[in-house]
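Examination of the molecular architecture
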Amino acid sequence: GGMESADGVNLETKNVYVSFKCPKTGIETISGIQGFSAGYDGAFVMNDMAGLKLTAKLGMGTLSGAYFLWAEGAADAIDDEEFWVLKYDHKIGDGLNIGVDLYNDSDSGADVDDYYLGLRGKVKIGDMGIESWLLFLSGTDESGASDIDRTGMVFSARATMKISGIDAACRFLYYNA
């Protein structure tokens, strides 16, 4: 295993990992081939991959950091694709959650370096809920004759409501690439 999807190198493997949780500190470590979702309704990253993830509870919040090796080229060359994650989630009372994320997708073999900044929020009032997120991309592709600036944005807002015992939802999704 080891590539993105975790089954492209030598053996069909999906999730094989070791997890440690320290009860005194609240820190959890997961190392190995594991499922990872950045959230964002699968618009960005949702896959199995090899890596290391650390999570720590900080009062009403949770801080997570991760490193994943998506692809490894020749052993004697710098041509790896690495994915770095830093996430913070904060619960404000019973009905409000917010989060901010920073991602780096760096492919040294293809000379691509992308940074993503994500903002998330979720509120629930009675039977009604609103969930929204905004994801920005800023990066460069230096693999060709001239550098290419890679910028974009994705926005989503979803409202849910229970009407006569039936779950109803409506979503707005905007892509700008």
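Rules behind the numbers
- As a convention, each chain's residues are numbered from 1 in the sequence order in which they are written.
- Confidence filtering applies because this is a predicted model: local features only for residues at pLDDT of at least 70, side-chain atom pairs given and counted only at 80 or more, and all residues used for totals across whole chains, interfaces and linings.
- As a rule here, side-chain values cover all heavy atoms of the structure and leave hydrogens and water aside.
- Strands here are runs of E lasting at least two residues and helices are runs of H or I lasting at least four, both read from the DSSP assignment and numbered beginning at the N terminus.
- The criterion for strand pairing is that DSSP finds at least two bridges linking the strands in question.
- Axis definition: a line fitted to C-alpha atoms, limited for helices to the stretch in contact. Angles are taken between N-to-C directions and run from 0 to 180 degrees.
- A patch consists of residues exposed above 30% relative accessible area that lack any salt bridge, with like charges linked at up to 9 Å and nonpolar side chains (Val, Leu, Ile, Met, Phe, Trp, Tyr) linked at up to 5 Å.
- Per-residue and other accessible areas follow the Shrake-Rupley method at a 1.4 Å probe size, with only the shown protein chains counted as cover for residues.
- Within this document, salt bridges are pairs made up of a side-chain nitrogen of Lys or Arg and a carboxyl oxygen of Asp or Glu, the two lying within 4 Å of each other.
- Here Asp and Glu are counted as negative and Lys and Arg as positive; His is not counted, and neither are the chain ends.
- In this description, the location of a charge corresponds to atom NZ of lysine, CZ of arginine, CG of aspartate or CD of glutamate.
- Residue exposure (1.4 Å probe, protein chains only): buried if accessible area is under 20% of the type maximum, exposed if over 50%, otherwise partly exposed.
- pLDDT gives the predictor's per-residue confidence on a scale running from 0 to 100.
- Each Phe, Tyr or Trp ring (for Trp, its six-membered ring) is paired with any other whose centre lies within 6.5 Å, and the angle between the two planes then decides the class: stacked below 30 degrees, edge-to-face above 60, tilted in between.

Quick look at the overall build of the chain
Per the secondary structure count, the chain includes 0 helices and 10 strands. Going residue by residue from the N terminus, the α and β elements of the chain occur as β-β-β-β-β-β-β-β-β-β.

Digging into the sheet that holds strand S4 (residues 61-71)
Sheet strands pair by backbone hydrogen bonding; their relative direction is either parallel or antiparallel. Strand order across the open sheet formed by 10 strands is S1-S2-S3-S4-S5-S6-S7-S8-S9-S10, with antiparallel pairing between neighbours. Of all the strands in the sheet, just strand S1 (16-22) and strand S10 (166-176) have a single pairing partner and so form its edges. Each adjacent strand pair in this sheet contributes to an overall mean axis angle of 15 degrees, direction not counted. Examined bridge by bridge, strand S5 (residues 81-92) and strand S6 (residues 96-107) share 12 bridges and lie antiparallel to one another.

A word on a negative patch on the surface
Together, Asp111, Glu142, Asp147 and Asp149 give the surface a local cluster of negative charge. Positionally, aspartate 147 belongs in the loop between strand S8 (128-141) and strand S9 (148-163). For aspartate 147, a relative accessible area of 55% translates into the label exposed.

Things to note about the pattern of salt bridges
Within the structure shown, the criterion is met by 5 salt bridges. Across the pair arginine 171 and aspartate 41 runs a salt bridge whose closest N-O atoms are separated by 2.8 Å. Of the two residues, arginine 171 is situated in strand S10 and aspartate 41 in the loop between strand S2 (27-37) and strand S3 (46-58); the sequence distance between them amounts to 130 residues. Arginine 171 sits in the partly exposed class, given a relative accessible area of 39%.

Here we look at unusual backbone geometry
You will see that tyrosine 40, though not glycine, has its phi angle at about 55 degrees, which is positive. When you line up the elements, tyrosine 40 lands in the loop between S2 and S3. At serine 164, a residue that is not glycine, the phi angle is positive and equals roughly 50 degrees. Here serine 164 shows up in the loop between S9 and S10.

What to know about the confidence of the model for the chain
With 88% of its residues at a pLDDT of 70 or more, the chain shows a mean pLDDT of 85. Mean pLDDT across the elements of the chain ranges from a minimum in S2, with 89, to a maximum in S10, with 94.

Thoughts on the packing of aromatic side chains
A complete count under the given rule lists 6 aromatic pairs for this structure. Ring centres of tyrosine 40 and tryptophan 133 lie 5.2 Å apart, and the angle between their planes is 85 degrees; this geometry places the pair in the edge-to-face category. Remark: tryptophan 133 occurs in strand S8 and tyrosine 40 occurs in the loop between S2 and S3; sequence separation between them is 93 residues. Comparing tyrosine 40 with tryptophan 133 shows no difference in burial state: the two are buried. One aromatic cluster is present, formed by Phe36, Phe68, Phe83 and Tyr103 through successive ring pairs.

Describing the pairing of S10
In the case of a regular strand, side chains alternate between the two sheet surfaces. Pairing analysis gives 11 bridges linking S9 to S10, with the strands arranged antiparallel. Among the inter-strand pairings, arginine 158 is bridged to a residue of S10, identified as arginine 171. Following S9, the chain reverses through 2 residues before pairing antiparallel with S10; serine 164 in that reversal takes a positive phi of roughly 50 degrees.

Focus: a nonpolar patch on the surface
Among the surface-exposed residues, Leu58, Leu63, Leu86, Val100, Leu102, Tyr115, Leu117, Leu119 and Phe136 lie close enough to one another that they form a single nonpolar patch of about 740 Å² accessible area. Breaking the nonpolar patch down by element, the ones donating at least two residues are S6 and strand S7 (112-125). For the nonpolar patch, the element with the highest residue contribution is S7, accounting for 3 residues. Relative to the helices and strands, valine 100 is located in strand S6. On the basis of relative accessible area, valine 100 is assigned to the partly exposed category, the value being 34%.

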